[in-house]
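# Descriptive structure summary
What follows is each chain in one-letter form.
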Amino acid sequence: MSTTAAGTPELHDCRTTFAETLIELAEADTRTVAVCNDSVGSSNLKDFQNRFQDRLVNVGIAEQLMVGVAAGLANGGRIPYVCAAAPFLTGRALEQIKADVAYSRTNVKLCAMSPGFAYGQLGPTHHGVEDFAWIRTLPEMIVLTPADPAETREALHWAHHYDGPVYLRIGRTKVPDLTPHIPFETGRAARLRDGSDITLIGVGTTVSATLDAAHQLAAEGIDARVLNFSTVKPLDEQALLAAATETGRIVTVEEANIHGGLGSAITEFLASRQPVPMRLLGVRDEFTPTGSPAFLADYFGIDAESVAHAARDLTSARQGAAA
């Protein structure tokens, strides 16, 4: 993990790595194009636009058209990367994503920029927290949520060579390096920390919080396993069964709505195979308030201390039952 001069972890905006990697892909493959909704700046596409002016299509604030244009480009042999803020890409263009991309199985890469609480001060209309629930229900759709720059780069390269629709959640909130030496593999969770008492499952920006929580718990004698579920769909069923069998307790942490999100998907899978006590941490059944990403993480209990608290509750309940 890289650190600053003060010894604290260096933090990164994954959109920077996304933009750099997209340029790399475009240099190597002339089929690469970007399609956006007047979001050249917020999607970090300015350098791409300067270098490949004939390969960036800006449709303006017209998300449904944006996805339709991308599907047409894919049918013409291009590999389009649709770049837009997560709430507008999914909320405004869901029908086109369903019909033109998933149902038609076109080779479109949907790049949901700044998801979760990234636009905190702009309020609930700009918070992208429903996307897991909407997108993971669509057949043929791969859903990837890289946790740091290294995973962002590898996920993009994987998506580029995959012939089919992919939804990529590209975080704006800065995160530390977490996986520089862990190979990325679609459909496989990365075990970032071993543990036998409980499993903490993070995704995207919440992975660092789960690791911090695990370190807090270790000081209290609670041995927490930490899994990075960068692939929301398909799930790593083997890792889930191992976690349920070997640790007996699971906490899921996501910067998304828990109704239909990653925690919900994991609960659905384990319910008929290896049910265990769980805590699903994320956005509850309410509209998100206005506030900074840090404030919202604390409000919805997905910060490190809240994760550790949920894990303590589960492990104490198990100990109480055993007594």
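We now examine helix H7 (residues 207-218). In a regular helix each residue adds 1.5 Å, so 12 residues correspond to 16 Å; H7 covers 17 Å between its end C-alpha atoms and thus fits that length. Listed in full, the buried residues belonging to H7 are Val207, Ser208, Ala209, Thr210, Leu211, Ala213, Ala214 and Leu217.

As a packed pair, helix H3 (residues 63-75) and helix H4 (residues 86-103) sit with axes 8 Å apart at the nearest point and diverge in direction by 35°. H3 and H4 meet at a crossing whose hand is right-handed. In contact with Glu63, Gln64, Met66, Val67, Gly68 and Ala71 of H3, H4 contributes Phe88, Leu89, Arg92, Ala93, Gln96, Ile97, Asp100 and Val101. In terms of residue class, the contact of H3 with H4 is built from 8 nonpolar, 3 polar and 3 charged.

Scanning the entire structure with this criterion turns up 14 salt bridges. Between Asp194 and Arg191 there is a salt bridge, and its shortest N-O distance comes to 3.1 Å. You can call Asp194 exposed: its relative accessible area is 53%. Residue Arg284 pairs with Glu286 through a salt bridge whose shortest N-O separation is 3.6 Å. Among the residues examined, Arg284 registers a relative accessible area of 34% and is labelled partly exposed. For Glu286, a relative accessible area of 32% translates into the label partly exposed. Ionic contacts of the salt-bridge type, sharing partners, join the residues Glu220, Glu305 and Arg312 into one network.

Before going further, it helps to examine the packing of aromatic side chains. If you walk through the whole model with that rule in mind, you get 5 aromatic pairs. Ring geometry for Trp158 versus Tyr162: centroids 4.8 Å apart, planes at 15°, classification stacked. Each ring, one from Tyr299 and one from Phe300, has its centre 4.8 Å from the other, and the planes form 85°; the classification is edge-to-face. When its relative accessible area of 33% is taken as the criterion, Tyr299 is described as partly exposed. A network of ring pairs unites the aromatic residues Phe117, Phe295, Tyr299 and Phe300 as a single cluster.

Scoring rules and cut-offs
- Residues numbered from 1 in each chain as written.
- Predicted model: local features only at pLDDT ≥ 70, side-chain atom pairs only at ≥ 80, totals over all residues.
- Heavy atoms only, no water.
- Helix = DSSP H or I, 4+ residues; strand = E, 2+ residues; numbered from the N terminus.
- Expected span 1.5 Å × (residues − 1).
- Buried < 20%, exposed > 50% of the residue type's maximum accessible area, 1.4 Å probe, protein only.
- Axes fitted to C-alpha atoms, helices over the stretch in contact; angles between N-to-C directions.
- Left-handed = near helix turned anticlockwise from the far one by under 90°.
- Contact = heavy atoms within 4.5 Å.
- Nonpolar A, V, L, I, M, F, W, Y, C, P; charged D, E, K, R; others polar.
- Salt bridge = Lys/Arg side-chain N within 4 Å of Asp/Glu carboxyl O.
- Phe/Tyr/Trp six-rings, centres within 6.5 Å; stacked < 30°, edge-to-face > 60°.

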